[in-house]
Amino acid sequence: MLPAAVQILAFALALLGVLGAAVATMLPNWKVNVNVWAQMVAPACRVQGLWMDCVWYSSAVFSCTMKNSVLSLPPYLQATRAAMVMSCLVASLGLCLAALGLKCTRWGGSHRAKGRTAIAAGACFILSSLLCLVPASWFTNEVVSGFLNTDVPDSSKYQPGGALCVTFVSAGFLLAGGVIFCLSCPGKRRQDSSTSTNTAGLLLHAEEERRLRREVRPNETMKMDELKKQLRCSSPKPPPKDMKDSYSLQEYV
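What you see is a predicted model, and the numbers here were worked out from it, not measured in a lab.

**Student:** Sorry if this is basic, but what is going on with helix H1 (residues 4-26) here?
**Tutor:** An α-helix turns once per 3.6 residues; consequently, residues spaced three or four apart project the same way. Counted at 1.5 Å a residue, the expected span for H1 with its 23 residues is 33 Å, and the 33 Å between its end C-alpha atoms agrees. Within the span of H1, buried status applies to Gln7, Ala10, Leu13, Ala14, Gly17, Val18, Gly20, Ala21, Ala24 and Thr25.

Rendered as structure tokens:
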């Protein structure tokens with residue numbers, strides 16, 4: 001697995017991405033129309049978001065209108081709404097999994113279980129970043145296409161707003177955090193190397209035992225031979241068999 005400091009960095013990036021995606025979802029300035037030559041009564045700035053449309057006047061007065069009807073919205077706006085909400089939910093789930101997969105935390109199970117949890121968190125972050133990028137790109141394309149359309153009057157043309165920039169930056173943070181967490185997979189190479197190291201150590205230990213046994217066996221045989229020699233030297237010699245016969249002959253004579 002990756003070091004704990006790198007995982008904490010990835011968690012911080014993912015957290016920034018989640019907060020940015022949530023803020024961008026609620027911001028009303030997804031596309032902006034600025035009227036420079038506005039009078040006191042005419043609107044100076046009109047912005048449209050996913051949930052509301054706001055109008056700012058040159059007299060520092062603004063008013064917002066909620067988009068209550070979902071069916072009256074264009075398809076790209078409906079898709080952007082749903083995708084951004086799903087992105088925030090999936091990213092929140094990824095944060096919960098990432099908290100369990102961090103090496104610096106005590107919960108989450110064993111080392112291998114933490115690695116799998118970190119991979120799942122990384123997958124959630126990557127999916128969340130895609131859910132941000134795809135609808136934001138579609139929304140930007142629609143805004144730019146409407147701006148370049150010559151049939152649309154200049155007063156009705158919009159430009160990409162700051163919420164789109166926040167969305168793209170948040171998607172980048174989520175993608176970076178997800179990739180780093182996916183690299184937390186406990187690789188098989190390290191396990192194989194540790195297994196081979198343990199096997200080599202066992203083989204060396206067995207060879208050492210065999211060598212010691214070979215050295216001990218000659219010493220034991222030498223000691224046994226010395227004991228046998230000492231026993232032979234200390235045992236009394238039996239008397240000769242013809243001794244009794246010689247005494248009996250002398251007595252007879």
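**Student:** Where do I start with the side chain of threonine 80 in this structure?
**Tutor:** By secondary structure assignment, the location of threonine 80 is in helix H2 (residues 75-101). Non-local contacts of threonine 80, meaning those with residues more than four positions away in its chain, are made with Trp30, Leu50, Pro135 and Phe139.

**Student:** Help me understand the environment of leucine 50 in this model?
**Tutor:** One can find leucine 50 in the loop between strand E2 (43-48) and strand E3 (52-57). Taking the C-alpha atoms as reference points, leucine 50 and arginine 81, 31 residues apart in sequence, are found 6.2 Å from one another. Not counting residues up to four positions away in its chain, the partners in contact with leucine 50 are Thr25, Leu27, Trp30, Lys67, Leu77, Thr80, Arg81, Met84 and Phe139.

**Student:** What should I look at first to understand a nonpolar patch on the surface in this one?
**Tutor:** Where nonpolar side chains cluster on the molecular surface, the patch consists of Val85, Met86 and Leu89 and spans about 270 Å² of accessible area. Mapping methionine 86 onto the fold places it in helix H2.

**Student:** How should the environment of serine 184 be read in this particular structure?
**Tutor:** Topologically, serine 184 is positioned in the loop between helix H4 (162-182) and helix H5 (188-234). For serine 184, a relative accessible area of 0% puts it in the buried group.

**Student:** Please clarify how the state of the cysteines should be interpreted in this entry.
**Tutor:** Simply put, the disulfide is a covalent bond whose two ends are the sulfur atoms of two cysteines. If you walk through the whole model with that rule in mind, you get one disulfide. Each sulfur in the disulfide pair cysteine 54 and cysteine 64 lies 2.1 Å from the other. On the sign convention where negative means left-handed, the S-S torsion of about 105° between cysteine 54 and cysteine 64 marks this disulfide as right-handed. Placement of cysteine 54 in strand E3 and of cysteine 64 in strand E4 (residues 62-66) is noted, with a sequence separation of ten residues between them. Here cysteine 45 stays unpaired: no disulfide links it, and the sulfur of cysteine 54, its closest cysteine neighbor, is 9.5 Å away. Free of any disulfide, cysteine 124 has its nearest neighbouring cysteine sulfur in cysteine 182, separated by 9.4 Å.

**Student:** I tried to follow the packing of H2 against helix H3 (residues 111-148) on my own but got confused; where do I start?
**Tutor:** For any two helices packed against each other, one specifies the crossing angle of their axes together with the interaxial distance. It is at 8 Å that the axes of H2 and H3 come closest, and there the two elements cross at 160°. Our classification of the angle between H2 and H3 gives roughly antiparallel. At the point where H2 passes H3, the crossing takes the left-handed sense. For the contact of H2 with H3, a count of residues per class yields 25 nonpolar, six polar and two charged.

**Student:** I keep staring at the packing of aromatic side chains and nothing clicks. Help me out?
**Tutor:** In the structure shown here, the tally under the stated rule is three aromatic pairs. Ring centres of tyrosine 76 and phenylalanine 139 lie 5.4 Å apart, and the angle between their planes is 65°; this geometry places the pair in the edge-to-face category. One end of the pair, tyrosine 76, is in helix H2; the other, phenylalanine 139, is in helix H3, and 63 residues separate them in sequence. For the ring pair phenylalanine 125 and phenylalanine 181, a centre distance of 5.9 Å and an interplane angle of 50° mean the geometry is tilted. Of this pair, phenylalanine 125 sits in helix H3 while phenylalanine 181 sits in helix H4, and the two are 56 residues apart along the sequence. Each member of the pair phenylalanine 125 and phenylalanine 181 is classed as buried. Members of the aromatic cluster, each reached through a chain of ring pairs, are Trp30, Tyr76 and Phe139. Directly above the ring of tyrosine 158 sits lysine 31, whose terminal nitrogen or CZ lies 5.1 Å from the centroid. Positioned above the aromatic ring of phenylalanine 147, the side-chain terminus of lysine 157 is 5.6 Å from the ring centre.

**Student:** What am I meant to see in the nonpolar core here?
**Tutor:** Across soluble globular proteins, nonpolar side chains show a tendency to be buried alongside one another. Of all hydrophobic cores here, the largest spans 16 residues; its most connected members are Trp30, Leu50, Leu77, Met84 and Phe139. For this core, the elements supplying multiple residues, two or more each, are H2, H3 and H4. Counting 14 residues, the second largest nonpolar core, distinct from the first, contains Val18, Ala91, Leu95 and Phe181.

Cut-off values and rules
- Residues numbered from 1 in each chain as written.
- Predicted model: local features only at pLDDT ≥ 70, side-chain atom pairs only at ≥ 80, totals over all residues.
- Heavy atoms only, no water.
- Helix = DSSP H or I, 4+ residues; strand = E, 2+ residues; numbered from the N terminus.
- Expected span 1.5 Å × (residues − 1).
- Buried < 20%, exposed > 50% of the residue type's maximum accessible area, 1.4 Å probe, protein only.
- Contact = heavy atoms within 4.5 Å.
- Patch = residues over 30% accessible without salt bridge, like charges linked within 9 Å, V, L, I, M, F, W, Y side chains within 5 Å.
- Areas by Shrake-Rupley, 256 points an atom, 1.4 Å probe, with all protein chains shown as cover.
- Salt bridge = Lys/Arg side-chain N within 4 Å of Asp/Glu carboxyl O.
- Disulfide = S-S within 2.5 Å.
- Axes fitted to C-alpha atoms, helices over the stretch in contact; angles between N-to-C directions.
- Parallel < 35°, antiparallel > 145°, perpendicular 65-115°, else oblique.
- Left-handed = near helix turned anticlockwise from the far one by under 90°.
- Nonpolar A, V, L, I, M, F, W, Y, C, P; charged D, E, K, R; others polar.
- Phe/Tyr/Trp six-rings, centres within 6.5 Å; stacked < 30°, edge-to-face > 60°.
- Lys NZ or Arg CZ within 6 Å of the ring centre and 35° of its normal.
- Core = buried A, V, L, I, M, F, W, Y, C linked by side-chain atoms within 4.5 Å.

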